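The residues making up each chain are set out below.
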Amino acid sequence: MSVVTREEVLAAQQLLDGVCLRTPVEESRAVSQIAGTRAVLKCENLQRAGSFKIRGAYTRISRLSDAEKARGVVAASAGNHAQGVALAAQMLGLRSTVFMPEGAALPKIAATMQYGAQVHHAGSTVDEALVVAREHADRTGAVLIHPFDHPDIVRGQGTVGLEIAEQVPGVRTVVVPVGGGGLAAGIAVALAGSGVRVVGVQAAGAAAYPASLAAGHPIAATAMRTMADGIAIARPGDVPFGLLTELGVEVVTVSEEELSTALLLVAERAKLLVEPSGAAGVAALMAGLEVEGPTAVVLSGGNIDPLLLLRVLRHGLSAAGRYLLLRVRVDDTPGHLAGLLTDIAALGGNVVHVEHDRTAPDLAVDDVEIAVQLETRGPEHADQLRAALRERGYLLV
């Protein structure tokens, strides 16, 4: 028997009435063209505290006993769950403590503190921070609010699925980012028996679910390297893993290039700001995931550090062929740099940065290597620009 039922998700929806936003569903012609069918975006990036996490956090915390509430709550998170717990605790008048990994995004730290939580740093991953949070709970009596591995968390997150069913009549596929699995499991429970296919998406650099599903039990990932910190979880939760297995949810992976390109597309074409993990569903469609429409893609969060956004956008522009780095060797004589830049401009390239290197070991004494970063109009333009420079006698390294 399932540890979470659709009736329980419906009860969580009533509990969250007036607490969470009923986030909008936005049509996207660009994403629909990629998917080959009608695809809409479920905008949990516009939820209170910037992600879906408030749904599960409030459901879990509100159901604590008075004695448990008096002891306060503790959580571990890279940012989204931290903000959800802090906000829910503030709304319910409880003390909250949050352990965040070293290197957590500064805006997420600041927002968590603004919601009233006491923030500490521990470890380099959410899993390591979670160990310290458990120790704090054992030492102080505070109640650990797990980011995904509890039935009430799954029940709260499942309300996203109920809203999708109401907002997208006839929905056939839901594509959702997966870290520990709470959101995907909740959505799968909410839509169970309706014939809707739920597909989870993980970052390839932090993907524990494919191997775990193949083995039939949770297996911790051996490597954790991804820009998508919101879904960088080393081990699936027992509760969501059991539900995803029971309900036959598949999980696919996407690369860092696909994540950054998807984030860029969502920003440019849908005019929505999401974090890398929030763009995972769109990335899966761009990577060739075949879906039946109507398809709903969950944008799970929008809490992104502006500095990371700058790097990701540059990465996305490069992956999309619109941000090009050329290394060109020319004679180290006056006029060659000016000539190169003039030729690039004539070919429609917009130079944004130039560097000289006269010290590379394989350079001739009278040669210089010029690194030019430039903007192009896309992959075809980039190829044309490289070919034209070679035709003009430039040596591209």
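Enquirer: I would appreciate a short explanation of the sheet that holds strand S14 (residues 395–396) in the present structure.
Expert: Strand pairing in a sheet is mediated by backbone hydrogen bonds. Such pairs are either parallel or antiparallel. The antiparallel open sheet is built from four strands, whose spatial order is S12-S13-S11-S14. Either end of the sheet is taken by a strand with one partner, and the two such strands are strand S12 (350–357) and S14. Strands in contact with helix H17 (residues 379–391) are strand S11 (323–331), strand S13 (367–375) and S14; relative to S11, the strand with the most contacts, it is inclined by about 5 degrees.

Enquirer: What is the right way to look at the nonpolar core in this model?
Expert: When a protein is soluble and globular, its nonpolar side chains tend to lie buried together. Within the largest apolar cluster, 34 residues are counted, with the highest numbers of intra-cluster contacts made by Leu 41, Val 282 and Leu 299. Sorting the residues of this core by element identifies helix H2 (29–35), strand S2 (39–43), strand S8 (197–203), helix H13 (256–269), helix H14 (280–286), strand S10 (295–299) and helix H15 (306–319) as the ones contributing at least two each. In this view, Val 282 contacts Val 31, Leu 41, Ala 262, Leu 265, Val 266, Val 297 and Leu 299; residues no more than four positions away in its chain are not counted. Counting 32 residues, the second largest nonpolar core, distinct from the first, contains Ile 187, Ala 190, Tyr 209 and Phe 241.

Enquirer: Looking at this structure, I do not really get the packing of helix H10 (residues 182–190) against helix H12 (residues 238–246). What am I missing?
Expert: Working note: a packed helix pair is described by the angle between its axes plus the distance between those axes. One can describe the packing of H10 onto H12 by two numbers: an axis separation of 9 Å at closest approach and a directional angle of 45 degrees. Of the possible angle classes, the one that applies to H10 and H12 is oblique. Between H10 and H12 the crossing geometry is left-handed. Seen from H10, the contacting residues are Gly 182, Ala 184, Ala 185 and Val 189; seen from H12, they are Pro 240, Leu 243 and Leu 244. Here the residues of the contact of H10 with H12 sort into six nonpolar, one polar and no charged.

Enquirer: Looking at this structure, how should I read the pairing of S8?
Expert: Successive side chains on a regular strand alternate, one facing one side of the sheet and the next facing the other. The element S8 is extensively covered by neighbouring structure, given that six of its seven residues are classed as buried. Here five bridges tie strand S7 (residues 173–177) to S8, and the two strands are oriented parallel to one another. If you follow Thr 173 over to S8, its bridge partner there is Arg 197. Bridge analysis of S8 against strand S9 (residues 250–254) gives five bridges, and the strand direction is parallel. Pairing of Val 201 across the sheet is with Val 252, part of S9.

Enquirer: It is not clear to me how the pairing of S13 should be interpreted in this structure. Could you clarify?
Expert: The buried count for S13 comes to seven of nine residues, which makes it a mostly enclosed element. Note that S11 and S13 share nine bridges and pair antiparallel. Note on S13: the bridge partner recorded for Leu 324 is Leu 374.

Enquirer: Explain the environment of Glu 44 to me, please; I cannot follow it from the model alone.
Expert: As for its placement among the helices and strands, Glu 44 is situated in the loop between S2 and helix H3 (53–62). Exposure remark for Glu 44: the relative accessible area of 0% places this residue in the buried category. Each C-alpha atom, one on Glu 44 and one on Arg 377, is 31 Å from the other, the two residues being 333 residues apart in sequence. If we ignore the near neighbours within four places in the chain, the residues touching Glu 44 are Thr 23, Gly 50, Ser 51, Phe 52, Arg 55, Val 160, Val 298, Leu 299 and Ser 300. A polar side-chain atom of Glu 44 sits 2.8 Å from a polar atom in the side chain of Arg 55.

Enquirer: Any chance you could explain the sheet that holds S10 here in plain terms?
Expert: Read across the sheet, six strands follow the order S1-S2-S10-S7-S8-S9 without closing on themselves; strand pairing throughout is mixed. Edge positions in the sheet fall to strand S1 (25–27) and S9, since each has one partner strand and no second. Averaged over all pairs of adjacent strands, the angle between their axes in this sheet comes to 30 degrees, without regard to strand direction. Of the strand pairs in this sheet, S2 and S10 are connected by five bridges, and their pairing is parallel.

Enquirer: Teacher, can you tell me more about the side chain of Thr 159 here?
Expert: Within the fold, Thr 159 resides in helix H9 (residues 159–167). What makes Thr 159 buried here is its relative accessible area of 1%. The residues contacting Thr 159, other than those within four sequence positions of it, are Val 9, Ala 12, Gln 13, Leu 16 and Arg 55.

Enquirer: Please clarify how helix H16 (residues 336–346) should be interpreted in this entry.
Expert: Residues spaced three or four apart along an α-helix point in a common direction, a consequence of the helix completing one turn every 3.6 residues. Within H16, burial applies to Leu 340, Asp 343 and Ile 344. In a view along the axis of H16, the buried residues occupy a sector of 100 degrees, so they form one face of it. Exposed side chains of H16 directed beyond 90 degrees from the buried face belong to Thr 342, Ala 345 and Ala 346.

Enquirer: Any chance you could explain unusual backbone geometry here in plain terms?
Expert: Glycine aside, residues mostly have negative phi angles, and peptide bonds mostly take the trans form. A cis amide bond, omega 0 degrees, links Gly 293 with the succeeding residue Pro 294. Relative to the assigned elements, Pro 294 resides in the loop between H14 and S10. In this model, Lys 271 sits at a positive phi of 60 degrees, which is unusual for a non-glycine residue. Mapped onto the fold, Lys 271 is located in the loop between H13 and H14.

Basis of the calculations
Residues numbered from 1 in each chain as written. Predicted model: local features only at pLDDT ≥ 70, side-chain atom pairs only at ≥ 80, totals over all residues. Heavy atoms only, no water. Pairing = 2+ DSSP bridges. Helix = DSSP H or I, 4+ residues; strand = E, 2+ residues; numbered from the N terminus. Contact = heavy atoms within 4.5 Å. Axes fitted to C-alpha atoms, helices over the stretch in contact; angles between N-to-C directions. Core = buried A, V, L, I, M, F, W, Y, C linked by side-chain atoms within 4.5 Å. Buried < 20%, exposed > 50% of the residue type's maximum accessible area, 1.4 Å probe, protein only. Parallel < 35°, antiparallel > 145°, perpendicular 65-115°, else oblique. Left-handed = near helix turned anticlockwise from the far one by under 90°. Nonpolar A, V, L, I, M, F, W, Y, C, P; charged D, E, K, R; others polar. Polar contact = N/O pair within 3.5 Å; in protein donor to acceptor, adjacent residues only side chain to side chain. Arc of directions from axis to C-beta.

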